[in-house]
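Observations on the three-dimensional arrangement
So the chains spell out like this:
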Amino acid sequence: MIESSDHTPLPRDFFDRPVLEVAPDLLGRTLTRRTDEGLIELRITEVEAYAGEADPGSHAFRGRTARNEVMFGPPGHAYVYFTYGMWHCLNVVCGPEGRASGVLLRAGEVRVGAALTRKRRISARHDKELAKGPARLATALDVDRSLNGADFCLGPTAPLSLLPGRQPTSDQVRNGPRTGVGGEGAYHPWRFWIDGDPTVSPYRAHAPRRRGRSAT
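Only a predicted model underlies this, so the values are computations on that prediction, with no experimental measurement involved. (Residues numbered from 1 in each chain as written. Predicted model: local features only at pLDDT ≥ 70, side-chain atom pairs only at ≥ 80, totals over all residues. Heavy atoms only, no water.)

What the protein chain contains, in helices and strands, is four helices and eight strands. Listing the helices and strands of the protein chain from first to last along the sequence gives α-α-β-β-β-β-β-α-α-β-β-β. On C-alpha atoms alone, the protein chain measures out to a radius of gyration of 16 Å, which is about the 17 Å that the 2.2 N^0.38 rule sets for 216 residues. In terms of overall dimensions, the protein chain has C-alpha extents of about 40 × 35 × 35 Å along its principal axes. Nonlocal contacts in the protein chain, meaning residues at least 24 apart in sequence, comprise 65% of its contacts between residues at least 6 apart. Put simply, the protein chain shows about 10100 Å² of open surface, and 50% of that area lies on carbon and sulfur atoms. When the 30 positive and 25 negative side-chain charges of the protein chain are each reduced to one mean point, those points stand 7 Å apart. (Helix = DSSP H or I, 4+ residues; strand = E, 2+ residues; numbered from the N terminus. Rg over C-alpha atoms; globule rule 2.2 N^0.38 Å. Contact = heavy atoms within 4.5 Å. Areas by Shrake-Rupley, 256 points an atom, 1.4 Å probe, with all protein chains shown as cover. Lys, Arg positive; Asp, Glu negative; His and termini not counted. Charge placed at Lys NZ, Arg CZ, Asp CG, Glu CD.)

Pasting the structure below:
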């Protein structure tokens, strides 16, 4: 593994790349969340890529709306959406400005501030479940729509930041279909995770609901 104690945020050009390059490159990176209560640091272990207007599974598939405006750039910002009337999910906007794409942060290992996250994740049976799934991750980090558009590149005092972290080796990275995505986007192998990591969420195929679902 590549170790790094660098607390300088990843630069803007890291995110200004095709989504299928950025997504696996986010594995092992450190996501920081600075709250009024203190600092939380999480090592990203699972992500999903969404390719905007070229991707039937994306919120931006049908073009720009008030909801998905942030996805159209600039890169390196947070896209936060509310789903099922109860959960938030956190995404990283990437690719060139004007072309919507993003990476859903699905799971991670809380490395700093676990006590803060336990207050919000009281149903977690142990710390490996604190951020095991995208809604759990956002809940653990106290992420809601107030952080929509937040800049990951500003620095360590910003509410959200992405740091170099500790990347897995290439043989530890796996990919497969995205969780819960149906239709034409169901079989894109655009979910990436660190093999064997206990914080990675279980894969679930799409199950039809009365209300449609797309992930980001």
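Turning to the packing of aromatic side chains, a few remarks are in order. In the structure shown here, the tally under the stated rule is two aromatic pairs. On the numbers, 5.0 Å between centres and 80° between planes, the contact of Phe 14 with Phe 15 is edge-to-face. For the pair Tyr 79 and Tyr 81, a centre-to-centre distance of 5.8 Å together with 40° between the ring planes defines the contact as tilted. When its relative accessible area of 1% is taken as the criterion, Tyr 79 is described as buried. Taking relative accessible area as the criterion, Tyr 81 reaches 3% and is therefore assigned buried. Over the ring of Phe 14 we find Arg 17, and its NZ or CZ is 4.6 Å from the ring centre. A cation sits over an aromatic face here: Arg 191 above Trp 193, 4.3 Å from the ring centre. (Phe/Tyr/Trp six-rings, centres within 6.5 Å; stacked < 30°, edge-to-face > 60°. Buried < 20%, exposed > 50% of the residue type's maximum accessible area, 1.4 Å probe, protein only. Lys NZ or Arg CZ within 6 Å of the ring centre and 35° of its normal.)

Moving on, we come to the nonpolar core. By size, the foremost hydrophobic cluster in this structure holds 42 residues, and its most contacted members are Leu 26, Leu 31 and Leu 90. If we skip the residues at most four places from it in the chain, Leu 26 touches Phe 14, Phe 15, Ile 44, Val 47, Val 92, Val 103, Leu 105 and Leu 162. Listed in part, the 12 residues of the second largest apolar core include Tyr 50, Val 70, Tyr 79 and Ala 100. (Core = buried A, V, L, I, M, F, W, Y, C linked by side-chain atoms within 4.5 Å.)

Inspection of the secondary structure assignment puts Lys 128 in the loop between helix 3 (114-120) and helix 4 (134-140). As for Lys 128 and Asp 197, which are separated by 69 residues in sequence, their C-alpha atoms are 9.4 Å apart. Excluding residues within four positions of it along the chain, Lys 128 makes contact with Pro 198 and Thr 199.

Here we take up the pattern of salt bridges. Scanning the model with the defined rule gives 14 salt bridges in all. Its salt-bridge partner being Asp 151, residue Arg 12 comes within 2.8 Å of it at the nearest N-O pair. Taken together, the residues Arg 12 in helix 1 (residues 12-15) and Asp 151 in the loop between helix 4 and strand 6 (160-163) connect sequence positions 139 residues apart. Overall, Asp 151 belongs to the buried group, its relative accessible area being 12%. Across the pair Arg 178 and Asp 55 runs a salt bridge, and its minimum N-O distance is 2.6 Å. Placement of Arg 178 in the loop between strand 7 (173-176) and strand 8 (191-194) and of Asp 55 in the loop between strand 2 (38-50) and strand 3 (78-83) is noted, with a sequence separation of 123 residues between them. Since its relative accessible area comes to 0%, Asp 55 is described here as buried. (Salt bridge = Lys/Arg side-chain N within 4 Å of Asp/Glu carboxyl O.)

Quick look at the side chain of Arg 106 now. Looking at the element boundaries, Arg 106 is found in strand 5 (residues 102-112). In this structure the side chain of Arg 106 is engaged in a polar contact, spanning 3.0 Å, whose partner is the side chain of Ser 201. Here Arg 106 is in contact with Glu 46, Val 47, Glu 48, Ala 131, Lys 132, Gly 133, Pro 134, Leu 137, Thr 179, Arg 191 and Ser 201, once residues within four sequence places are set aside. (Polar contact = N/O pair within 3.5 Å; in protein donor to acceptor, adjacent residues only side chain to side chain.)

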